[in-house]
There are 2 protein chains.
Amino acid sequence: MASNATNGSAPAPSHRFDAQFTDNVINGMGPKTTERNRVVLGALIRHLHDFSREVELTIDEWMTGVHFVNAVGKIYGDSNKTRNEAHRVSDILGLESLVDEIAHKVISDTGIDPTSSSILGPFWSPDAPFRELGGNIMQDGVPPNGRVTKMWGVIKDITTGKPIPHAVFDIWQASANGKYDFQDPDNQSPNNLRGKFRSDAEGKYYFYCLHPTAYSLPTDGPAWALLQAMDRHPMRPAHIHIMVTAPEYQGCTTQLYPSDDPWLTTDTVFAVKPDLVVDFKPLEGDKTATLELEYNVFLAPKGYKGLL
Amino acid sequence: MASNATNGSAPAPSHRFDAQFTDNVINGMGPKTTERNRVVLGALIRHLHDFSREVELTIDEWMTGVHFVNAVGKIYGDSNKTRNEAHRVSDILGLESLVDEIAHKVISDTGIDPTSSSILGPFWSPDAPFRELGGNIMQDGVPPNGRVTKMWGVIKDITTGKPIPHAVFDIWQASANGKYDFQDPDNQSPNNLRGKFRSDAEGKYYFYCLHPTAYSLPTDGPAWALLQAMDRHPMRPAHIHIMVTAPEYQGCTTQLYPSDDPWLTTDTVFAVKPDLVVDFKPLEGDKTATLELEYNVFLAPKGYKGLL
């Protein structure tokens, strides 16, 4: 409970409220509740109630929340699952980034930290095709204003520093109009700007993609209403999504951000971390690309410091 | 953050997490955020993050929550607004009862407390018709197994003990099958088992209604899934909803419960309070009813102890 005692005004009148109420709700869970459900739902109920008492949530505010939750799921139902509004709302509240940190934070003692993870976001697809090393994910050609980039690097083991051959490097990105294939069926075929590549015997990967483009979250619907209530912009900095996996390693799902992006410090989903900020450099002598991006990925072996 | 230090095991490894992350999200609110939004959304974000760190919420659990929120609102969208699943979920977590307490808890100093409020629930209608005193809300007749009750009492001022004439007594209840008119269009016409009555010059009201019937919340959909995860039953004790208003008084929205109901102590929405438990008594010599219920309602004047 908030207390105002230190600033001279009266303490919050928490004594007005039934001190047993929250325990009664939590203890309503029956004996067949799993231990984990008891822990998670018990903590959820306690924080929900503490929040409500702390701010003395009004009936109108509670009803606004009820309407908000209904509106979030209604968009999902209306739009045939291509717009996951609950995912987006949890992102703008920082929840996906926090859960990602809880799952993946590892303090290495080898002198090399694993590449930071970042949020998956709602646009990963399990259907992205494997493409040949050196291939091009722009299957619909270079879009207007697209800047073609040769991306390359080595996937390495943090404990040995040695390369990891035959790792899978899965990349997905929005086009130069800021839209993913799912969102842009008039301009993009399925799996445009998606692809999986397998690192070679020296752990190296390389392919052609786009310099990424900053984009706005949708400026309609409940997530946008929430952003407006917080006087926040809807922009994500430009980014490339990657998911790197190898059989004996903890996989890494993350995002890479150009260092000159204007939204880097105010990402609306709080997903930027220092080791994920990269420099795109001019490339000469390549028939396909005008830019290059070198990025080495560091993976921890499974079981390292308790990783699954 | 939870600490296990007192039971001999290691403290929770909260230091693994970025100590600035939650402040960064909260401080992302811009200067045009209203002061109340800053307080409410700031506390919501802090409790949401503290909850997640405290239980070390996994990515799968977070995703379960995302799907849950989408499913809640999808039902609302699918069912043309007659099934308010977000309202129901907040009820089974005790939130509506808590918000109701925050809004209405008054400690009287007159020796008479105002009648306790209880949750509105999703079935109140603004369209209930006024009926004559002594009238009958069973506009579709007595349903099978229905037990007709004469309900009566006096509406009184807590500060003077005097009756309040011309107060509006709005009643709504489920039929003997446990369903409200909204939910039961095959058997009930609109406004069946609803009605508004105006107290007479002596503050007295009286009309005919049904002895209420316990009923189950729906046993499908997200709210039911949540109840099952908590190993809880879906039953509400039998109850009559009332909303009593008068121009110079703080209105009272509440529910009355028969004292012999088996679900009284485990109400799935936590809405029972001691002064709302009532005795139905046999009634002789009345052509319409076999039971009677006397219930006096006590209202506080507007402005009493800061009430609006």
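Residues numbered from 1 in each chain as written. Chains lettered and ligands numbered in written order. Predicted model: local features only at pLDDT ≥ 70, side-chain atom pairs only at ≥ 80, totals over all residues. Heavy atoms only, no water.

## Concerning the packing of helix H2 (residues 35–55) of chain A against helix H2 (residues 35–54) of chain B
Between two packed helices, both the angle of their axes relative to each other and the distance between the axes serve to describe the pair. As a packed pair, H2(A) and H2(B) sit with axes 9 Å apart at the nearest point and diverge in direction by 160°. On the basis of the axis angle, H2(A) is roughly antiparallel to H2(B). As H2(A) packs across H2(B), the resulting crossing turns out to be right-handed. Contact residues: A:Val40, A:Ala43, A:Leu44, A:His47, A:Asp50, A:Phe51, A:Glu54 and A:Val55 in H2(A); B:Arg36, B:Val39, B:Val40, B:Ala43, B:Leu44, B:His47, B:Asp50, B:Phe51 and B:Glu54 in H2(B). Considering only residue class, the contact of H2(A) with H2(B) consists of ten nonpolar, two polar and five charged. (Axes fitted to C-alpha atoms, helices over the stretch in contact; angles between N-to-C directions. Helix = DSSP H or I, 4+ residues; strand = E, 2+ residues; numbered from the N terminus. Parallel < 35°, antiparallel > 145°, perpendicular 65-115°, else oblique. Left-handed = near helix turned anticlockwise from the far one by under 90°. Contact = heavy atoms within 4.5 Å. Nonpolar A, V, L, I, M, F, W, Y, C, P; charged D, E, K, R; others polar.)

## Considering the relation of the copies chain B and chain A
Once turned by 180° and shifted 0.0 Å along the axis, chain B lies on chain A with an RMSD of 0.0 Å. As the rotation angle and translation indicate, the two copies are arranged about a two-fold axis. Minimal C-alpha distance to the rotation axis in chain B is attained by B:Gly73, lying at 1.8 Å. Here 100% of the interface residues in chain B have copies in chain A that are interface residues too; the copies meet face to matching face. (Least-squares fit on C-alpha atoms with pLDDT ≥ 70 in both.)

## Details of the interface of chain B and chain A
On the chain A side, the residues contacting the 70 residues of chain B number 70 residues. For the pair chain B and chain A, the summed buried area comes to about 6,300 Å², and 69% of that belongs to carbon and sulfur atoms. Taken together, the connections running from chain B to chain A amount to two salt bridges. Linking chain B with chain A are 29 residue pairs in polar contact (both at pLDDT 80 or more), by the criterion used here. Elements that contribute at least two residues to the side of chain B that touches chain A include exactly helix H1 (21–27), H2, helix H3 (59–78), helix H4 (85–92), helix H5 (95–104) and helix H6 (221–229) of chain B. For the side of chain B that touches chain A, the element with the highest residue contribution is H2(B), accounting for 16 residues. Grouping the amino acids of the side of chain B that touches chain A by side-chain chemistry returns 33 nonpolar, 18 polar and 19 charged. (Buried area = accessible area lost by both parts, 1.4 Å probe. Salt bridge = Lys/Arg side-chain N within 4 Å of Asp/Glu carboxyl O. Polar contact = N/O pair within 3.5 Å; in protein donor to acceptor, adjacent residues only side chain to side chain.)

## Description of the packing of aromatic side chains
All told, the structure shown has 16 aromatic pairs over all chains when counted by the stated rule. Ring centres of A:Phe21 and B:Phe270 lie 6.3 Å apart, and the angle between their planes is 80°; this geometry places the pair in the edge-to-face category. Linking A:Phe21 in helix H1 (residues 21–27) with B:Phe270 in the loop between strand S8 (252–258) and strand S9 (277–278), this pair reaches from one chain into another. Like B:Phe270, A:Phe21 is buried. (Phe/Tyr/Trp six-rings, centres within 6.5 Å; stacked < 30°, edge-to-face > 60°. Buried < 20%, exposed > 50% of the residue type's maximum accessible area, 1.4 Å probe, protein only.)

## Description of the UniProt feature "domain: Intradiol ring-cleavage dioxygenases" (unreviewed entry) in chain A
Under the feature "domain: Intradiol ring-cleavage dioxygenases" (unreviewed entry), the UniProt entry names residues 121–300 of chain A. For residues 121–300 of chain A, the end-to-end C-alpha separation is 23 Å, with 5% helix and 31% strand making up the annotated structure. (UniProt positions renumbered as here; feature names shortened; annotations may be inferred.)

## A closer look at the packing of helix H4 (residues 85–92) of chain A against helix H6 (residues 221–229) of chain A
Residue and element names in this part refer to chain A. Relative orientation of the contacting elements H4 and H6 amounts to 20°, with a least axis distance of 8 Å. Considering their axes alone, H4 and H6 lie roughly parallel with respect to each other. The element H4 and its partner H6 pack so that their crossing is right-handed. Between H4 and H6, the contacting residues are Glu85, Arg88, Val89 and Ile92 on the first element and Gly221, Pro222, Ala223, Leu226 and Leu227 on the second. A per-class count over the contact of H4 with H6 returns six nonpolar, one polar and two charged.

## Let's talk about the side chain of B:Lys196
Residues and elements named next belong to chain B. Examined against the element boundaries, Lys196 turns out to sit in strand S3 (residues 194–198). Buried and unpaired, Lys196 has no salt bridge, with Asp170 as the nearest side chain of opposite charge at 4.9 Å. Of note is the side chain of Lys196, whose polar atom sits 3.3 Å from the backbone oxygen of Ala128. Excluding residues that lie within four positions of it along the chain, Lys196 makes contacts with Pro126, Ala128, Pro129, Phe130, Arg131, Val168, Phe169 and Asp170. (Lys, Arg positive; Asp, Glu negative; His and termini not counted.)

## Some points on the sheet that holds strand S9 (residues 277–278) of chain A
All names here are of chain A. Here we have five strands laid out as an open sheet, ordered S3-S2-S7-S8-S9, and mixed in their pairing. With partners counted over all chains shown, the strands left at the sheet margins are strand S3 (194–198) and S9, one partner each. Pairing of strand S2 (residues 168–172) with S3 involves five bridges; the strand directions are antiparallel. Bridging across to S3, Phe169 finds its partner in Phe197. (Pairing = 2+ DSSP bridges.)

## Looking at the sheet that holds strand S2 (residues 168–172) of chain B
Strands in a sheet are paired, the pairing made by backbone hydrogen bonds, and the direction either parallel or antiparallel. Residues and elements named next belong to chain B. Strand order in this open sheet of five strands is S3-S2-S7-S8-S9, and the pairing throughout is mixed. With one partner strand each, in any of the chains shown, S3 and S9 form the two edges of the open sheet. Bridge count between S2 and strand S7 (residues 240–245): five bridges; the pairing is antiparallel. Each residue of the ladder has a partner; that of Asp170, found in S7, is Met243.

## Examining H4(B)
Residue and element names in this part refer to chain B. The buried fraction of H4 amounts to eight of the eight residues, a majority that puts the element mostly inside the structure. Listing the buried residues of H4 in full gives Glu85, Ala86, His87, Arg88, Val89, Ser90, Asp91 and Ile92. Phi for Gly94, located one or two positions after H4, is positive at around 80°.

## What to know about the domain arrangement of chain A
What the domain assignment reports for chain A is domain 1 (1–57) and domain 2 (85–306). One C-alpha centre belongs to domain 1 of chain A, the other to domain 2 of chain A, and the line joining them spans 39 Å. (Domains from an automatic or database assignment.)

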